[in-house]
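# Fold and contact review
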Amino acid sequence: GHSLAQPVFPVVPLDTTGAGDTFTGFFLAELDAGKAPQEALRIAAAAAAIQITRMGASEAIPLMAEVTGFIRSSPPKSSFCRAVRLVGVSASRSI
């Protein structure tokens, strides 16, 4: 396995319920769609950042169009990072 790091997107959190589920769902969906792990990590971090600015769990999950717009308009803050350790084998390829 290997580790990846992603600078965080600075936001003001409102409700962190569902942030981990949002991150995991976006990360795995992007990997399954063929994205490179680093790109999947960036998208997942952005999705979770958006999600915590809203109230609720599933109803706060952003659409992909929101995530891509957020990435374009909100540069990540490099002084903090979210790290992910990739271990194992996915259904379609080794990670």
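Residues numbered from 1 in each chain as written. Predicted model: local features only at pLDDT ≥ 70, side-chain atom pairs only at ≥ 80, totals over all residues. Heavy atoms only, no water.

Before going further, it helps to examine helix α1 (residues 19–32). Between the first and last C-alpha of α1 there are 20 Å, a value that for 14 residues agrees with the 20 Å anticipated at 1.5 Å per step. Within the sequence span of α1, burial applies to A19, T22, F23, F26, F27, E30 and L31. Seen from one end, α1 has its buried residues packed into an arc of 150 degrees, which puts them on one side. For α1, the exposed residues set more than 90 degrees away from the buried face come down to D21, L28 and D32. Just beyond α1, the residue with positive phi is G34, at close to 95 degrees. (Helix = DSSP H or I, 4+ residues; strand = E, 2+ residues; numbered from the N terminus. Expected span 1.5 Å × (residues − 1). Buried < 20%, exposed > 50% of the residue type's maximum accessible area, 1.4 Å probe, protein only. Arc of directions from axis to C-beta.)

One pass over the full model with this rule turns up 3 salt bridges. Among the salt bridges present, the one from K35 reaches E30, with a minimum N-O distance of 2.9 Å. Residue K35 is classed as partly exposed on the basis of its relative accessible area of 32%. A salt bridge links E66 to R54; the shortest N-O distance between them is 2.3 Å. Of this pair, E66 sits in helix α3 (residues 64–73) while R54 is found in the loop between α2 (37–51) and α3, placing the two residues 12 residues apart along the sequence. By relative accessible area, which is 26% here, R54 ends up partly exposed. (Salt bridge = Lys/Arg side-chain N within 4 Å of Asp/Glu carboxyl O.)

Here the chain averages 87 in pLDDT, while 82% of its residues score no lower than 70. Segment residues 89–95: pLDDT under 50, and 10 contacts once partners within four positions in sequence are set aside and those in other chains are kept. (pLDDT = per-residue confidence, 0-100. Contact = heavy atoms within 4.5 Å.)

Summarising the element assignment, Q38 is placed in helix α2. Placed 35 residues apart in sequence, Q38 and S3 show a C-alpha to C-alpha distance of 9.8 Å. Excluding residues within four positions of it along the chain, Q38 makes contact with L4, A5 and Q6.

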